Amino acid sequence: MFVGSSSCSRSSLFGCWIEMRLTVVVPTFNEADTIENSLREIERVLGPELSKDTELLIADDGSDPMPELVERLKKEIGFARLELLRNSPPVGKGLSLARAFERAQGRTVGFLDADLSTPATYILEALKVLEANEADLYIGSRRAMGANVVREQFWLKDVLGDALRVGVNAVIFRLGRKYSDTQCGFKFFKNQVAKVLYCNLVAYDGVTDVEILVRANLLGYRVCERGVEWCDTRESKRSLKRILIGDLKAITRIMWHYGVFEKKQIKDLRRFEKTLI
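Just so we're clear, the structure is a prediction, and the values are computed from it rather than from any experiment.

### What to know about the confidence of the model for the chain
- Looking at the chain as a whole, the pLDDT averages 85, with 80% of positions reaching at least 70.
- Within the model, pLDDT remains below 50 along residues 1-6, and this stretch shows 24 contacts once partners closer than five positions in the same chain are excluded.
- Low pLDDT (under 50) marks residues 9-16, which in the prediction has 11 contacts with non-local residues, meaning those over four places away or in another chain.

This is the structure we're talking about:
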């Protein structure tokens, strides 16, 4: 079982606190064949100095050779800290990220897809924006101005993604800020912001991105949405049935939870936010 939980626990967050400049989380699911190249590319992009001030957390939801691989890479790659956070049984991407951010020690924290469908170079841009206090979270977009989609995903999943974007903007975000792409797998945050946004989620897996942006709107966080380069280097492992049924159920939970209990949610999140100061 993964060490830790997704609950809002101040003691677990500060039990062994060593601050670093950056935490990069890489969520994985059967990615053992690509993760080494991705980690080496992240190290190359960050450079020796920043890598030594960076912890890299692999939030693994099931990759058999991963523990042995990570132990070897710890001796070869120059991050200040490289740790495998493994779920058993699998819990989905959303909860994996929540558990990783609960442990994250970097002043800036974030995640990108294991196949680097969004190039690692954007980490430096996100870091610059957040450290300059221009925003509280930085999200990549495949639909915003300046985006460059090199290779689209399977056409039906692309259509479903567009339908999700239109639907959530029309219904969930109807009274607040709207987003051109909630689902892009590249998001970075100030540390405390990530811990608040991923605390006690009601929707896991593919729609977690929608929920954290709902929370960002409710709490008045400043969101920087920038167009990024994106290439579907590996087909998503989520089935169409899982997308259609699972995401619809999750969106319904979000609408119910934040529609009926909005004031309580804001109050609870603000209370937890104060414990992080």
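### A few points about the pattern of salt bridges
- If you walk through the whole model with that rule in mind, you get 23 salt bridges.
- Asp60 is paired through a salt bridge with Arg86; the nearest N and O atoms lie 3.1 Å apart. Pair noted here: Asp60 is in strand E2 (residues 54-60) and Arg86 is in strand E3 (residues 81-86), with a separation of 26 residues, a long-range link.
- Overall, the relative accessible area of 0% leaves Asp60 in the buried class.
- Relative accessible area serves as the criterion here: at 30%, Arg86 is assigned to the partly exposed category.
- As a salt-bridge pair, Arg177 and Glu225 come within 4.0 Å of each other at their nearest N and O atoms. With Arg177 in the loop between helix H6 (155-170) and strand E7 (186-190) and Glu225 in strand E8 (residues 223-227), the pair connects residues that are 48 residues apart, well separated along the chain.

The rules behind the values
- Residues numbered from 1 in each chain as written.
- Predicted model: local features only at pLDDT ≥ 70, side-chain atom pairs only at ≥ 80, totals over all residues.
- Heavy atoms only, no water.
- pLDDT = per-residue confidence, 0-100.
- Contact = heavy atoms within 4.5 Å.
- Salt bridge = Lys/Arg side-chain N within 4 Å of Asp/Glu carboxyl O.
- Helix = DSSP H or I, 4+ residues; strand = E, 2+ residues; numbered from the N terminus.
- Buried < 20%, exposed > 50% of the residue type's maximum accessible area, 1.4 Å probe, protein only.

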